[in-house]
Amino acid sequence: MELISSKHLLTNLLVIIASTFTTHSANKGTETPYKEANTVFIRTSCSSTTYPRLCYSSLVKHAELIQTNRVVLTGAALNVTLASAKSTSAVMSAMAKRRGLKPREVAAMKDCVEVLNESVEELRRSINGMSDLRRSNFEMTMSDVQTWVSAALTDESTCMDGFEESEMSIDGTNTKSRVRGLVVQVAQLTSNALALINQLANHA
Ligand SMILES: *[C@@H]1O[C@H](CO)[C@@H](O)[C@H](O)[C@H]1NC(C)=O
Ligand SMILES: *[C@@H]1O[C@H](CO)[C@@H](O)[C@H](O)[C@H]1NC(C)=O
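These numbers come from a predicted model, not from an experiment. (Residues numbered from 1 in each chain as written. Chains lettered and ligands numbered in written order. Predicted model: local features only at pLDDT ≥ 70, side-chain atom pairs only at ≥ 80, totals over all residues. Heavy atoms only, no water.)

**Structural notes on the site of ligand 2**
So, point 1. For ligand 2, the full set of nearby residues is Ser89, Val113 and Asn117.
So, point 2. The separation between an oxygen atom of ligand 2 and a polar side-chain atom of Asn117 is 2.4 Å.
So, point 3. Taken by itself ligand 2 offers 360 Å² of open surface, and the protein chains cover 37% of this. (Near = heavy atom within 4 Å. Polar contact = N/O pair within 3.5 Å; in protein donor to acceptor, adjacent residues only side chain to side chain. Areas by Shrake-Rupley, 256 points an atom, 1.4 Å probe, with all protein chains shown as cover.)

Put into structure tokens, the structure is as follows:
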């Protein structure tokens, strides 16, 4: 990156940090206008993601924490994605142990849990990186986080591919579509988080 733009980046980051403090202190007492500004901020930020509605509904619960801070918004998106990846991995681990699955299907399920666990690790690493984001390491950290979250997304699509060919069913429910639904949700949250990460990297 050129000197001018990295100078610009630092200035912007300072503005972001400064605005966190001012919004925090100004938010006491007159809640409503700020609350509205917070939800508008989330909606606007989410509008550039691939799944804007999911983005908004998953983040609006954290509006008070996010306020209008891009770094916190991105961290919250990663947190939500990590929670979803972890619970999906746990649900799938449990499903793989149930009776009625063919060995081939159990194998697909286990492979999927394995790659999902890898994506959990990539997301954890990203959250740790984001929590140590400073102006001195901004570019390098953002670049690492972009790499890790992209890897998580690849792991999730690998998992979904494993279910394309089987037609599994447990207790009369279509397990394949249930599993796909869970993993699709994780992948969509991951894709949204990546869009917000890119937005933060380009904006600063
Ligand atoms: C993300 O989760 C961590 C650990 O639970 C928490 O400390 C942090 O405040 C969360 N960050 C955001 C932005 O939600
Ligand atoms: C994946 O993670 C879950 C939950 O942390 C754990 O119970 C399971 O043993 C892990 N499975 C694999 C294959 O790594």
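**Overview of helix α7 (residues 138-161)**
So, point 1. Counted at 1.5 Å a residue, the expected span for α7 with its 24 residues is 34 Å, and the 35 Å between its end C-alpha atoms agrees.
So, point 2. Buried within α7 we find Phe138, Thr141, Met142, Val145, Val149, Ala152, Asp155, Glu156, Cys159 and Met160. (Helix = DSSP H or I, 4+ residues; strand = E, 2+ residues; numbered from the N terminus. Expected span 1.5 Å × (residues − 1). Buried < 20%, exposed > 50% of the residue type's maximum accessible area, 1.4 Å probe, protein only.)

**Digging into empty space enclosed by the protein**
So, point 1. In this structure the tally under the stated criterion is one cavity of 30 Å³ or more.
So, point 2. A volume near 40 Å³ is recorded for the largest cavity.
So, point 3. In terms of lining, the largest cavity is formed by Cys55, Ser58, Leu59, Ala77, Val80, Thr81, Leu189, Asn192, Ala193 and Leu196.
So, point 4. Elements with a contribution of two residues or more to the lining of the largest cavity: α3 (52-59), α5 (70-96) and α8 (175-203).
So, point 5. Broken down by element, the residue count for the lining of the largest cavity peaks at four residues, all from α8. (1 Å grid on protein atoms, 1.4 Å probe; cavity = no way out; pocket = protein on both sides within 12 Å on 5 of 7 lines; lining within 4 Å. Points joined across faces, edges and corners; volume = space filled by probe spheres on them.)

**Regarding the side chain of Arg70**
So, point 1. Relative to the elements of secondary structure, Arg70 occurs in helix α5.
So, point 2. Comment: no salt bridge for buried Arg70; closest opposite-charge side chain is Glu139, at 16 Å.
So, point 3. Of note is the side chain of Arg70, whose polar atom sits 3.4 Å from the side chain of Gln199. (Lys, Arg positive; Asp, Glu negative; His and termini not counted. Salt bridge = Lys/Arg side-chain N within 4 Å of Asp/Glu carboxyl O.)

**Here's the deal with the site of ligand 1**
So, point 1. Looking at ligand 1, the residues that line it are Leu65, Val72, Gly75, Ala76 and Asn79.
So, point 2. A distance of 2.3 Å separates an oxygen atom of ligand 1 from a polar side-chain atom of Asn79.
So, point 3. If ligand 1 stood free it would expose 360 Å²; the protein chains cover 40% of that surface.
So, point 4. Considering every element that reaches the shell around ligand 1, the biggest residue donor is α5, with four residues.
So, point 5. Of the residues in the shell around ligand 1, the class split is three nonpolar, two polar and no charged. (Nonpolar A, V, L, I, M, F, W, Y, C, P; charged D, E, K, R; others polar.)

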